[in-house]
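# Observations on the model geometry
What follows is each chain in one-letter form.
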Amino acid sequence: MTDLDQLKTDALTRIENAPDAAALEALRIEFLGKQGSISGLMKTLGGMSPEERQVQGPLLNGLRTETADAIAARKEVLENTELEARLAGESIDLTLPAPEAPKGSVHPVSQVMDELAEIFADLGFSVATGPEVEDDWHNFTALNMAETHPARAMHDTFYFPQKHVDHTFDNAPNTRMLLRTHTSPVQIRSLVERGAPIRIIAPGRVYRSDSDATHTPMFHQVEGLVIDKGIHLGHLKWTLETFLKAFFERDDIVLRLRPSYFPFTEPSVEVDVGWEDVNGRKVLGGDGDAPGHGWMELLGSGMVNRRVIEFAGLDPDEWQGFAWGLGVDRLAMLKYGMDDLRAFFDGDQRWLDHYGFSAFDQPTLSAGVGAKA
């Protein structure tokens, strides 16, 4: 009993005088750790007779409890003392501006999507959307793409496991499901649902089996469609020229139309845009045939093929129109000076901080669709 009283007095005295948290932790280990003195005494209970254990058990448990309570009390005192010292030594200058809080930004692709919608809304177009999981009738057949067309191959298109689905169209047999390779199916769906006349743009994600600095398996595309009476290539050229001038905010945009081939348009034209070299970078603007200039292929377009109009349930002798398509990611790269498409999908915060837009920077024609805050 005398030894326990002496141990208790020694423990409580040293704990009460512990100068800091480190010294207190050392005392906890010394008394209550696995190899501590009080823990060692607790282990001797197993070797005692029942009579001895009945006497010594409460004494040792009481010693352990009092020691633990003393350590907890001293720890609270030391923490309060440390906090008071910090508060006394620290000060805040309330006249200083508050630190800038972290904030997100609008991805360049989303910004360009908004810019496209703003420009084409002013031209009388509406935005149409459709499913990204598409069937090959809407994605290929209804767009006059033959069964042997290379785009239908497995190495170009992401197909789902063989699966059939019934269509409501008489001329649409059971067909396979896939990730859409362009937003052109939206044109077919919109024509069937709305009929003609129609003016739409169809922006959205598309998927193709391709990957390098300028191609990714998933990318973004916008397509346009006009179906009305008396439509001709002149309307197509004017629409694209007006759009590109507004988008790049330059009046010297010059287009060159070259004959081409697309299954869903006839006649078809590739659209080249003149560019000039500015400090080693190709900047759109000017006549591509002028010295120091050149032509850049930007998009494909043409008059909607008669068969496509028929697939949509319309009379091609009554209704004509034009369609075009281009990559949204490429538009962003050309306008805002990016050189690697893969960075669009990396999620690198530094890249997003540099190229991202403020959520308050809504594109408007009056302020400039691409004006950054």
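- By the naming in an unreviewed UniProt entry, the protein goes by Phenylalanine--tRNA ligase alpha subunit and is assigned to Qipengyuania citrea.
- Per UniProt, the comment on the protein under Sequence similarities (unreviewed entry) is "Belongs to the class-II aminoacyl-tRNA synthetase family. Phe-tRNA synthetase alpha subunit type 1 subfamily."

### Here we look at the overall build of the protein
- Looking only at helices and strands, the protein has 11 helices and 10 strands in total.
- Here the C-alpha atoms of the protein give a radius of gyration of 37 Å, more than 25% beyond the 21 Å that 2.2 N^0.38 yields for 373 residues.
- Oriented by its inertia axes, the alpha-carbon framework of the protein measures out at about 115 × 60 × 35 Å.
- Among the 373 residues that make up the protein, the fraction classed as buried is 42%.

### With respect to unusual backbone geometry
- Cis geometry marks the peptide bond from Ala 196 to Pro 197; its omega dihedral reads 5 degrees.
- In this structure, Pro 197 sits in the loop between α7 (184–194) and β4 (198–207).
- Between Glu 266 and Pro 267 the backbone carries a cis peptide bond, its omega angle lying at 0 degrees.
- Of note, the phi angle at Asn 144 is positive, near 65 degrees, even though the residue is not glycine.
- Looking at the secondary structure, you find Asn 144 in the loop between α6 (136–139) and β3 (177–179).

### Digging into the pairing of strand β10 (residues 320–327)
- Buried residues dominate β10, accounting for 6 of its 8 residues.
- By the bridge criterion, 8 bridges tie strand β5 (residues 218–228) to β10 in an arrangement that is antiparallel. Across the sheet, the residue bridging to Glu 223 is Gly 325, located in β10.
- Across 4 bridges, strand β9 (residues 293–304) lies against β10 in antiparallel orientation. Each bridged residue has a counterpart across the sheet, and for Gly 302 the counterpart in β10 is Ala 323.

Thresholds, definitions, all that
Residues numbered from 1 in each chain as written. Predicted model: local features only at pLDDT ≥ 70, side-chain atom pairs only at ≥ 80, totals over all residues. Heavy atoms only, no water. UniProt positions renumbered as here; feature names shortened; annotations may be inferred. Helix = DSSP H or I, 4+ residues; strand = E, 2+ residues; numbered from the N terminus. Rg over C-alpha atoms; globule rule 2.2 N^0.38 Å. Buried < 20%, exposed > 50% of the residue type's maximum accessible area, 1.4 Å probe, protein only. Pairing = 2+ DSSP bridges.

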